[in-house]
Amino acid sequence: MELFSQQLINALVLGGIYALIAVGYTMVYGIIELINFAHGEIFMFGAYFAFTLVTGFHLPFWAAVPISMLLCAGIGMLMDLVAYRPLRNAARLSALITAIGVSIGLQNLARIIWGARQRPFPSESLPTFLRQGIPPSEPLPAFSLTETAIALPGGAFLPYRDLCIILLALVLMIALNRLVSLTKIGKAMRACAQNRVAANLMGINTNRVIVITFAIGSALGAVAGVMVGMKEIIEPTMGYYKGVAAFAAAVLGGIGNITGAMLGGLLIGFAEVFGAGYIPGGYGSGYRVAIPYIVMIVVIIFRPSGLFGKSTATRA
């Protein structure tokens, strides 16, 4: 029971992170039908920006997060203006190759700025309740229980840091859903996703909508990067490994569907954590990286459009 509860917490945290990244993939694809493979690097820059603001500029953590979101939103907008807008009417292969080139370029830019070595997020820069909780296998002093983790029935522990990640991911996904459903820019996004040419003829500035879409997706990716930076290490390739898993989540949910991306992220997170924990013989942990792709392939075999995607026919 203790192991299951702990794995459930880990799955919710990882699924929330994947969902925030997957939303960036699916929003861009839904409007311009482009797989933005550089989105994982935006996620990576979000972690580095927060790390630099906290350690180099000595800003409090609560101020570093929104500034990182704004900086990553700016990178996303610049990426569209410089790399993707000139290829808006070009062949899809040209835009895809450009996205891969931007991804590699951003990885190397991060190496130039911050170096290639792995960096842990300084725990002393975090509020006390967000610091690493004491693992259940170690003696748990009273102050650690009350300051960094919540004791759950069955002997499991929920660190306040993980609780904040789960709640923040939930709040951001609900806010995004409301923005797309109720606001003027959200209606413009949906119109562009249905038919960009018709939306343009109806007076919608499609280029402006696309830039805003890149900005929103990049800001959410930055939050996910800060979350991962709090739990793991920060390095230039961190965006690749998490990015490809989030892409699998977007495809699983139905590429182009925001609700599907959110659910796909949660499903991939659960599959990865429980697969690594419960597949016998030690194979789960050894093939943990492959689990998201296995799930995606199985779903696509039986439902090629994903869980929430719609099948479309192409006329000859």
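Structural data are supplied above this passage.
Note that the structure is predicted; figures quoted are calculated from it, not measured. (Residues numbered from 1 in each chain as written. Predicted model: local features only at pLDDT ≥ 70, side-chain atom pairs only at ≥ 80, totals over all residues. Heavy atoms only, no water.)

Draft legend 1. The arrangement of the overall build of the protein in detail. Helix and strand counts for the protein come out as 13 helices and 4 strands. Here the protein holds 316 residues, and the buried ones make up 48% of them. Restricting to contacts in the protein with at least 6 residues of sequence separation, those with at least 24 account for 72%. Approximately 15400 Å² of the protein is accessible, and the part contributed by carbon and sulfur atoms is 67%. (Helix = DSSP H or I, 4+ residues; strand = E, 2+ residues; numbered from the N terminus. Buried < 20%, exposed > 50% of the residue type's maximum accessible area, 1.4 Å probe, protein only. Contact = heavy atoms within 4.5 Å. Areas by Shrake-Rupley, 256 points an atom, 1.4 Å probe, with all protein chains shown as cover.)

Draft legend 2. Region of interest: unusual backbone geometry. Although it is not a glycine, Glu33 sits at a positive phi angle of roughly 55 degrees. Secondary-structure assignment places Glu33 in the loop between α1 (2–32) and α2 (39–55). On the basis of relative accessible area, Glu33 is assigned to the partly exposed category, the value being 41%. Even without being a glycine, His58 presents a positive backbone phi close to 55 degrees. The residue His58 is located in the loop between α2 and α3 (61–84) in this model. On the basis of relative accessible area, His58 is assigned to the exposed category, the value being 64%.

Draft legend 3. Structural context of the packing of helix α6 (residues 160–182) against helix α9 (residues 206–231). Where α6 meets α9, the axes come as close as 11 Å, and the angle between the chain directions of the two elements is 175 degrees. On the basis of the axis angle, α6 is roughly antiparallel to α9. Two secondary-structure elements touch here, α6 through Arg161, Asp162, Ile165, Leu168, Ala169, Leu172, Leu176 and Leu179 and α9 through Ile216, Leu220, Val223, Met227, Met230 and Lys231. The residue inventory of the contact of α6 with α9, partitioned by class, reads 11 nonpolar, no polar and 3 charged. (Axes fitted to C-alpha atoms, helices over the stretch in contact; angles between N-to-C directions. Parallel < 35°, antiparallel > 145°, perpendicular 65-115°, else oblique. Nonpolar A, V, L, I, M, F, W, Y, C, P; charged D, E, K, R; others polar.)

Draft legend 4. Fine view of the packing of helix α11 (residues 258–278) against helix α13 (residues 291–302). Look at α11 against α13: their axes get within 9 Å of each other, and the N-to-C directions meet at 125 degrees. For the element pair α11 / α13, the angle class is oblique. The element α11 and its partner α13 pack so that their crossing is right-handed. Mapping the contact onto sequence places Ile268, Ala271, Glu272, Gly275 and Ala276 in α11 and Ile291, Pro292 and Val295 in α13. (Left-handed = near helix turned anticlockwise from the far one by under 90°.)

Draft legend 5. Up close: the pattern of salt bridges. Counting across every chain of the model gives 5 salt bridges. The salt bridge involving Arg92 is made with Glu33; its shortest N-O contact spans 2.2 Å. Here Arg92, found in helix α4 (residues 92–114), pairs with Glu33, found in the loop between α1 and α2; they are 59 residues apart in sequence, far enough to count as distant. Note on Arg92: relative accessible area 57%, which makes it exposed. Across the pair Lys231 and Asp162 runs a salt bridge whose closest N-O atoms are separated by 3.2 Å. (Salt bridge = Lys/Arg side-chain N within 4 Å of Asp/Glu carboxyl O.)

Draft legend 6. Region of interest: the packing of aromatic side chains. Overall, the coordinates contain 10 aromatic pairs when judged by the stated rule. Aromatic side chains Tyr240 and Tyr241 sit 5.3 Å apart centroid to centroid with 75 degrees between the ring planes, which places their arrangement in the edge-to-face category. When its relative accessible area of 46% is taken as the criterion, Tyr240 is described as partly exposed. Three or more aromatic residues joined by ring pairs form one cluster here, namely Phe45, Tyr48, Phe49 and Trp114. (Phe/Tyr/Trp six-rings, centres within 6.5 Å; stacked < 30°, edge-to-face > 60°.)

Draft legend 7. Representation of the environment of Ile112 within the structure. Along the polypeptide, Ile112 turns up in helix α4. Look at Ile112 and you get exposed, because its relative accessible area is 71%. Spatially, the C-alpha atom of Ile112 lies 9.8 Å from that of Pro236, the residues being 124 residues apart in sequence.

Draft legend 8. Fine view of the environment of Ala245. Relative to the assigned elements, Ala245 resides in helix α10 (residues 238–253). On the basis of relative accessibility, which here comes to 4%, the residue Ala245 falls in the buried class. Along the sequence, Ala245 and Ile21 sit 224 residues apart, while their C-alpha atoms lie 9.2 Å from each other.

Draft legend 9. Expanded view of α9. The end-to-end C-alpha distance of α9, which contains 26 residues, comes to 38 Å, matching closely the 38 Å that a straight helix rising 1.5 Å per residue would cover. The buried fraction of α9 amounts to 22 of the 26 residues, a majority that puts the element mostly inside the structure. (Expected span 1.5 Å × (residues − 1).)

Draft legend 10. Structural detail: the nonpolar core. Judged by nonpolar contacts, the single largest core of 80 residues is most densely connected at Leu20, Tyr84 and Leu176. Not counting residues up to four positions away in its chain, the partners in contact with Tyr84 are Leu34, Asn36, Ala38, Met79, Ala95, Thr98, Ala99, Val102 and Phe214. (Core = buried A, V, L, I, M, F, W, Y, C linked by side-chain atoms within 4.5 Å.)

Draft legend 11. Representation of a nonpolar patch on the surface in the model. Nonpolar side chains collect at one region of the surface, where Leu3, Phe4, Leu8, Leu12 and Tyr278 lie side by side and expose about 430 Å² of accessible area between them. At 4 residues, the largest contribution of residues to the nonpolar patch is made by α1. By the secondary structure assignment, Tyr278 is in helix α11. Residue Tyr278 is classed as partly exposed on the basis of its relative accessible area of 41%. (Patch = residues over 30% accessible without salt bridge, like charges linked within 9 Å, V, L, I, M, F, W, Y side chains within 5 Å.)

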